[in-house]
Amino acid sequence: MSKPKLAIYWASSCGGCDIAILDIEEKILAVADFFDVVFWPCAMDIKYDDVRAMEDKSITLTLFNGAIRTSENYELAELLRQKSVVLVAFGSCAGEGCIPALANFFNKESILDYVYHKSPSLANGGNVEPQPEVQVPEGTITIPKFWNTVRSLDQVVEVDYYIPGCPPQSDQIVNAVLAVIDILQNNKPLPPKGTVLGATDKSCCDECPRERNIKKIKSFTRPFMKVTDPNLCLMEQGIVCLGPATRSGCGAKCVKAGMPCRGCYGLPANINDQGAKMVTALASVIDSTDPEEIEQIINTIPDPLGTFYRFSMAGSLLRRVQV
């Protein structure tokens, strides 16, 4: 009997999700033993044409990490959806856009103008910009087209399940993969479509052991600018922490280590927008009813848009700024 087939793809992302998969240590041997890995560009020399030649739905499981920001990302998303029985948005970039979707604060023209003409580290004497098609004596060279708007995976194809995180925690990857193996080995029913694997419906605050009792913030600061109380809620010490607006499941590892939650596990249940939820959470700790003073306190938050939507811009209600 042939093994179930596994594909892993890396779209617009940093590669951390692929490293996280390798970080499951000896459990990777169980994955390799159970699955026939048929596509993993990061680790194997398999061509796109090899995937195109596969029968539809011949890949049992695809873990797709990375956001959709180029024509190549989109083509592979459609191709792997066509070839896969189960397609998982693996990691924050595929699930919500993550860091690549911060580009949605700008437009394509302004990004290319900065990268190829204004960046202080640039040496581009010919003011050259890459073109989708270039004629050379040997023929036509093509490169992927750069999109104006970064999208999450489920904004371009249907997604079956989500594994959140930037990257997903290795223990959660192990649990999710072993659960899939158990389902396939024992013919168990799959979880409902849309299920977020390796996480819960609660918020990161529900996993955080820090005490919450002071709610009088007169200014916000960055973690490296003060010595924090190891037992008190970071938000109540004036450090912006996205725990109230972030799904639990990571074990609050960052907060326990003294760093604020950045929001990479995505939205808890019943919340529609991470940034809007954070505005509500901040309003509950600001110690003022004077509009002018409130504005002064809010102005102490560095880069509020980038902080509140660091991981969720593509999947937010905003999607992108209108420029």
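This structure is a prediction, so every number in the text was calculated from the model and none was measured.

K.L.:
Please give an account of the overall build of the protein chain that cites residues and values.
P.N.:
Each helix and strand counted, the protein chain has eleven helices and nine strands in total. Scaling as 2.2 N^0.38, a compact globule of 323 residues should have a C-alpha radius of gyration of about 20 Å, and the protein chain matches this with 22 Å. Structurally, the protein chain occupies a C-alpha span of about 65 × 60 × 30 Å along its principal axes. When contacts within the protein chain are restricted to residue pairs at least 6 apart in sequence, those whose partners lie at least 24 apart make up 74%. Just so you have it, the protein chain exposes about 16,800 Å², and 55% of that area is on carbon and sulfur atoms.

K.L.:
Hey, could you go over the nonpolar core for me, with residue numbers and the actual values?
P.N.:
If you look at the biggest cluster of nonpolar residues, it comprises 38 residues, and the most contacted ones within it are Phe220, Met235, Val240, Val255, Met278, Leu282 and Phe308. Here this core gets three residues from one element, more than from any other, and that element is helix α9 (residues 274-283). Leaving out residues up to four positions away in the same chain, Phe220 has contacts with Gly238, Ile239, Val240, Leu282, Val285, Ile286, Ile297, Thr300 and Ile301. Ranked by size, the runner-up nonpolar core spans 24 residues in total, among them Ile46, Phe64, Trp147 and Val156.

K.L.:
Can you lay out the sheet that holds strand β5 (residues 84-90) for me, pointing to particular residues and giving the numbers?
P.N.:
The five strands are arranged β2-β1-β3-β5-β9 in an open sheet whose pairing can be described as parallel. Bordering the open sheet on either side are β2 (36-39) and β9 (161-163), each of which pairs with just one other strand. Direction aside, neighbouring strands of the sheet carry axes that sit 30° apart on average. Both strand β3 (residues 59-65) and β5 contribute to a ladder of five bridges, which runs parallel. Counterpart to Ile59 in the pairing with β5 is Ser84.

K.L.:
Break down the packing of aromatic side chains for me, citing the residues and quoting the values.
P.N.:
Scanning all chains against the criterion turns up five aromatic pairs. Summarising the aromatic geometry, the rings of Tyr9 and Phe64 are spaced 5.2 Å apart at their centres and angled 55° between planes, so their arrangement reads as tilted. With Tyr9 in strand β1 (residues 5-10) and Phe64 in strand β3, this residue pair connects regions lying 55 residues apart in the sequence. A relative accessible area of 0% places Phe64 in the buried class. Taking the centre distance of 5.0 Å and the plane angle of 85° together, the rings of Phe34 and Phe35 count as edge-to-face. Of the residues examined, Phe34 reaches a relative accessible area of 14% and is grouped as buried. Residue Phe35 is classed as buried on the basis of its relative accessible area, which comes to 2%. The structure contains a cluster of three or more aromatic residues connected by ring pairs, namely Tyr9, Phe39, Tyr48 and Phe64.

K.L.:
So what's going on with the packing of helix α2 (residues 27-34) against helix α7 (residues 170-185)? Which residues, and what values?
P.N.:
Contact geometry of α2 with α7 gives a least axis separation of 11 Å together with a crossing angle of 30°. Classified by the interaxial angle, the pair formed by α2 and α7 is roughly parallel. For the pair α2 and α7, the sense of crossing is left-handed. Packed against α2, whose contacting residues are Lys27, Ala30, Val31 and Phe34, the element α7 presents Val174, Val177, Leu178, Ile181, Leu184 and Gln185 at the interface. Classifying every residue of the contact of α2 with α7 by side-chain character gives eight nonpolar, one polar and one charged.

What counts as what
- Residues numbered from 1 in each chain as written.
- Predicted model: local features only at pLDDT ≥ 70, side-chain atom pairs only at ≥ 80, totals over all residues.
- Heavy atoms only, no water.
- Helix = DSSP H or I, 4+ residues; strand = E, 2+ residues; numbered from the N terminus.
- Rg over C-alpha atoms; globule rule 2.2 N^0.38 Å.
- Contact = heavy atoms within 4.5 Å.
- Areas by Shrake-Rupley, 256 points an atom, 1.4 Å probe, with all protein chains shown as cover.
- Core = buried A, V, L, I, M, F, W, Y, C linked by side-chain atoms within 4.5 Å.
- Buried < 20%, exposed > 50% of the residue type's maximum accessible area, 1.4 Å probe, protein only.
- Pairing = 2+ DSSP bridges.
- Axes fitted to C-alpha atoms, helices over the stretch in contact; angles between N-to-C directions.
- Phe/Tyr/Trp six-rings, centres within 6.5 Å; stacked < 30°, edge-to-face > 60°.
- Parallel < 35°, antiparallel > 145°, perpendicular 65-115°, else oblique.
- Left-handed = near helix turned anticlockwise from the far one by under 90°.
- Nonpolar A, V, L, I, M, F, W, Y, C, P; charged D, E, K, R; others polar.

Just geometry here; none of it tells us what the structure is for.
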